[in-house]
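A closer look at the structure
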Amino acid sequence: MKPLVSILIPAYNAEACISDSLRSAIAQTWERKEIIVVDDGSTDRTLEVARQFESDKLKVVTQKNQGASATRNNAFSMSKGDYVQWLDADDLMAPDKTTKQMEVAERSESRRTLVSGAWARFMHRPHRAKFYPSVLWQDLQPAEWLMRKMEQNTYMQTATWLVSRELAEAAGQWDTRLLGDDDGEFFCRVLLASDGVRFVRESKIYYRESGSSSLSYIGNSNRKLEAQWLSMQLHIGYLRSLVDDQRSRAACVTYIQNWMFFFYPERLDIFRQAEELARSLGGELTIPALSWKYSWLDTVFNHSLAKRAQVVLPRIKWSVIRCLDKTLFQFENRNAAGGLGR
């Protein structure tokens with residue numbers, strides 16, 4: 001009998017897009033699957049929409065709001081699959097995503113092989129998504145994977161992974177202290193417990209960009225900043241538990257430096273801790289530099305205003321582009337519907 005794959009979907013206020021995500025899960029060509037949706041106390045119609053898809057293979061449950069990590073833990077505790085696929089309620093899987101990865105997993109001699117795949121961003125029109133390879137898009141050993149992630153300031157999107165139950169249980173639960181980057185920290189632990197990563201280029205995920213409403217958006221939230229700093233310290237500890245040489249320590253310093261933009265100057269306490277950690281790794285941090293487009297504002301006004309401009313103005317531009325993309329999406333759908341009616 002083929003292995004059972006559990007597709008686990010945490011959902012919070014996702015009524016606008018959960019239908020598409022559920023259809024992509026249902027459409028998976030891997031037949032032995034169960035889909036579990038856990039509504040995390042949504043205040044919109046997420047639960048009502050999800051329940052329209054209930055079947056013998058798709059279960060929907062609800063709970064009081066507990067946060068994304070706790071919701072994923074609860075979904076996992078209800079699952080029975082030999083393999084686990086996490087899918088956020090606004091993202092999409094290509095129909096053969098699971099099948100392509102399971103073909104690789106079944107050929108592996110170890111249940112501790114971690115399988116990844118390709119991913120691309122989209123706003124409203126997934127057919128417009130462009131797949132741009134990164135240094136993580138290949139077969140890698142755990143230490144090399146983490147090193148590249150931290151050196152290059154890159155990552156893999158949550159839904160790209162296919163994880164055996166044995167590997168997920170070895171990694172432990174999602175860390176409920178982390179309000180952002182909980183997936184980055186969790187998959188570090190999965191990596192540590194794995195025999196290595198097998199990358200499957202044909203296995204595709206479509207990641208919906210949702211801007212400031214995204215759980216990964218930090219903004220000026222002190223709680224999110226503190227959680228991000230905790231996640232960073234854990235990342236560094238994980239890499240050094242695998243390899244602690246000059247390259248790994250330099251990668252850790254680079255990783256810290258790349259994130260300091262979010263902490264300086266608003267959280268000087270964290271910046272000072274980061275400086276101390278960098279020095280213990282044999283490096284030195286510099287004050288985060290502003291982009292050349294905004295550095296003149298630092299001279300004319302002050303750093304805080306210049307930083308705010310560097311953060312806010314691109315987000316305004318992004319919002320305009322997203323609004324245009326939504327308009328084109330609706331236009332394409334109307335044309336398609338009109339064509340069917342003729």
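Throughout, residues of each chain are indexed from 1 in the direction in which the sequence is written. Reporting of local features is limited, given that this is a predicted model, to residues whose pLDDT is at least 70; pairs of side-chain atoms are given and counted only at 80 or more, and all residues count toward the totals for whole chains, interfaces and linings. Side-chain measures here rest on the full set of heavy atoms in the structure, leaving out hydrogens and waters.

A separate point is the confidence of the model for the chain. Scored from 0 to 100, pLDDT reflects the predictor's confidence in each residue. Summarising the model, the chain shows a mean pLDDT of 91, and 88% of its residues fall at 70 or more. In the model, residues 212-216 has pLDDT below 50 throughout and makes nine contacts with residues more than four positions away in sequence or in other chains. The contact criterion used throughout is that any non-hydrogen atoms of two residues lie within 4.5 Å.

With that settled, consider the pattern of salt bridges. For salt bridges, the criterion is a side-chain nitrogen of Lys or Arg within 4 Å of an Asp or Glu carboxyl oxygen. All told, the structure shown has 21 salt bridges when counted by the stated rule. The partner of Asp 139 in a salt bridge is Arg 198, with the nearest N and O atoms 3.2 Å apart. Remark: Arg 198 occurs in strand E8 (residues 196-208) and Asp 139 occurs in the loop between strand E6 (113-122) and helix H5 (142-152); sequence separation between them is 59 residues. Across the pair Arg 177 and Asp 175 runs a salt bridge whose closest N-O atoms are separated by 2.7 Å. Residue classification places Arg 177 among the exposed positions, given a relative accessible area of 51%. Classification of Asp 175 as buried rests on a relative accessible area of 13%. Through salt bridges that share partners, Glu 144, Arg 148, Glu 151 and Arg 247 make up one connected network. Secondary structure elements are taken from DSSP: a helix is a run of H or I of four residues or more, a strand is a run of E of two residues or more, and numbering for both begins at the N terminus. Think of it in three bands: with a 1.4 Å probe and only protein chains considered, a residue is buried below 20% of the maximum accessible area for its type, exposed above 50%, and partly exposed in between.

An axis is simply a line fitted to the C-alpha atoms; with a helix, the fit covers only the stretch in contact. Between two such axes, the angle follows the N-to-C directions and lies from 0 to 180 degrees. Contact pair helix H8 (residues 222-242) / helix H10 (residues 268-280): the axes reach a minimum separation of 11 Å and the direction vectors enclose 10°. Viewed along their axes, H8 and H10 adopt a mutual orientation that is roughly parallel. Between H8, through Leu 225, Glu 226, Trp 229 and Ile 236, and H10, the contact on the second element is made entirely by Ile 270, Gln 273, Ala 274 and Leu 277. Amino acids are sorted into nonpolar (Ala, Val, Leu, Ile, Met, Phe, Trp, Tyr, Cys and Pro), charged (Asp, Glu, Lys and Arg) and polar (every other residue, Gly among them). Of the residues in the contact of H8 with H10, the class split is six nonpolar, one polar and one charged. Here the angle decides the label: under 35 degrees means roughly parallel, over 145 means roughly antiparallel, 65 to 115 means roughly perpendicular, and every other value means oblique.

It is at 9 Å that the axes of H5 and H8 come closest, and there the two elements cross at 140°. With respect to each other, H5 and H8 are oriented oblique. For the crossing formed where H5 meets H8, the hand is left-handed. Counted together, Pro 142, Ala 143, Leu 146, Met 147, Lys 149 and Met 150 of H5 and His 235, Ile 236, Tyr 238, Leu 239 and Leu 242 of H8 form the full contact between these two elements. Here the residues of the contact of H5 with H8 are counted per class, giving nine nonpolar, one polar and one charged. Whether a crossing is left-handed or right-handed is set by the direction in which the near helix is turned from the far one by less than a right angle, anticlockwise for left-handed and clockwise for right-handed.

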